[in-house]
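# Per-entry structural report
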Amino acid sequence: NEREIIYNMLLSIVIPAYNIRDYIHRNIESFQKVDDKFKDKFELLVINDGSKDDTVEVLEQLLREENRLNIRIISKENGGHGSAVNRGIDEAVGKYLKIIDGDDWINVRDFEEYIRRLEKTSVDMIVTDYSEQHVYKQFVKRISVVDQEDYYSSNTLSSIFPMHGLTYKTEIFKDNNIRLTEKIFYVDTQYTVFPLKFVKSWVYWKLDLYQYFLGRPNQSMAIENRLKHIEDHRIVTESILEFYKELNDGNLKKVTYEFVLRLINARFIFSFLSKDRNKLLRETVSYIDKYGIDYKFQKNQRISYLLYINERLNRKLSFVVFPIANAKIKKLVEQGI
């Protein structure tokens, strides 16, 4: 059977890496600490996305005495995070696939339990918790992804989950030719959403698996970088809106609708902060019309809705709406949106 030959390991972990020589050690060392009895169950695919620093040399030094981890360093021309994930999908030989960015790491104890459980499951998607590691501010925030007890499982999708909490069957990507957009930021959103049409069963395990490093100055989530790459955000947002528009499954469409509202909310905020404010605000409203979004008032998205109504009224309320938006969004930025 061809699939049995291809998927001859339990788990493939794709590790996109670009110019992270100062951070990659924490990632690899966390896997080195995993009990040896689990190390033949998973492979690490470090995708060096054209790093200009000595990321590869640091990796090779870390692995000089390593003989138990199944690890491959795959170097390629720079193509962005999506390109690195795509290459990882192509190379993966594990039944399941998980993405762990090169500057993040794992909770070793919970990873070992995760492997034990992975051996006994056959669902299409596994959802786990993760922690935000605010290293420079010296605190950790545990994110409980599902408000249920351990081993919760369902055939009905209840939410769209963040990349850090997801593991998918590798065949979903390979068999359906799912590809992320290359040479842009924010494609983790595509990774979380695009496979969902093919997920028939999923399970949630209350394990604090992924350790998400936050606070690095040049991190893509910093507000300055978000505005710098606002065109990338548009491309990804439109790709999700296209996905939403084509959905026929009622439950998946309902869940994706809630996610789409969050994307539009973010788009309004980034547009307001942009130097091309008026153009981008008008453009955001055009998305709502183009993709038939029933854009309703949401308590946690008041500012976006005010900006939306103001655009609908040809900015006649700007003298009131803009000062309110400016004050509220300033607070959001200070809180690290």
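An account of the accompanying structure is given in this report. Computed from a predicted model, the values in this text were never measured in an experiment. (Residues numbered from 1 in each chain as written. Predicted model: local features only at pLDDT ≥ 70, side-chain atom pairs only at ≥ 80, totals over all residues. Heavy atoms only, no water.)

## Overview of the overall build of the protein
A count of helical and extended segments in the protein gives 13 helices and 10 strands. Within the protein, buried positions represent 54% of all 337 residues. For the protein, restricting intrachain contacts to residue pairs at least 6 apart in sequence, the fraction spanning at least 24 positions comes to 80%. When the accessible surface of the protein is totalled, it reaches about 16,300 Å², and 47% of it is carbon and sulfur. (Helix = DSSP H or I, 4+ residues; strand = E, 2+ residues; numbered from the N terminus. Buried < 20%, exposed > 50% of the residue type's maximum accessible area, 1.4 Å probe, protein only. Contact = heavy atoms within 4.5 Å. Areas by Shrake-Rupley, 256 points an atom, 1.4 Å probe, with all protein chains shown as cover.)

## Looking at helix α5 (residues 108–118)
The buried fraction of α5 amounts to eight of the 11 residues, a majority that puts the element mostly inside the structure. Those residues of α5 lying buried are Val-108, Asp-110, Phe-111, Glu-112, Tyr-114, Ile-115, Arg-117 and Leu-118. Where α5 begins, the capping side chain belongs to Asn-107, and its oxygen is found 3.2 Å from the backbone nitrogen of Arg-109. (Polar contact = N/O pair within 3.5 Å; in protein donor to acceptor, adjacent residues only side chain to side chain.)

## Regarding helix α2 (residues 24–32)
Taken residue by residue, α2 has Ile-24, Asn-27, Ile-28, Ser-30 and Phe-31 as its buried positions. Buried residues of α2 fall within an arc of 155° about the axis and therefore sit on the same side. (Arc of directions from axis to C-beta.)

## A short note on the packing of aromatic side chains
Overall, the coordinates contain 23 aromatic pairs when judged by the stated rule. Seen from their ring centres, Tyr-23 and Phe-213 are 5.5 Å apart, and the 45° between their planes marks the pair as tilted. Here Phe-213 lies in strand β10 (residues 202–214) and Tyr-23 lies in the loop between β1 (9–17) and α2, a separation of 190 residues in the sequence. Take Tyr-23 and Phe-213: they sit in the same class, and that class is buried. Judged by centre distance (5.6 Å) and plane angle (85°), the rings of Phe-31 and Phe-111 are edge-to-face. (Phe/Tyr/Trp six-rings, centres within 6.5 Å; stacked < 30°, edge-to-face > 60°.)

## Section: a nonpolar patch on the surface
A contiguous nonpolar surface patch, about 500 Å² in accessible area, is contributed by Leu-306, Leu-313, Leu-317, Phe-319, Val-320 and Ile-324. Taking the relative accessible area as the measure of exposure, Phe-319 reaches 64% and is therefore exposed. (Patch = residues over 30% accessible without salt bridge, like charges linked within 9 Å, V, L, I, M, F, W, Y side chains within 5 Å. Salt bridge = Lys/Arg side-chain N within 4 Å of Asp/Glu carboxyl O.)

## So, the layout of surface pockets
Quantified by volume, the second largest pocket comes out at close to 260 Å³. Residue composition of the lining of the second largest pocket, by class: six nonpolar, four polar and four charged. (1 Å grid on protein atoms, 1.4 Å probe; cavity = no way out; pocket = protein on both sides within 12 Å on 5 of 7 lines; lining within 4 Å. Points joined across faces, edges and corners; volume = space filled by probe spheres on them. Nonpolar A, V, L, I, M, F, W, Y, C, P; charged D, E, K, R; others polar.)

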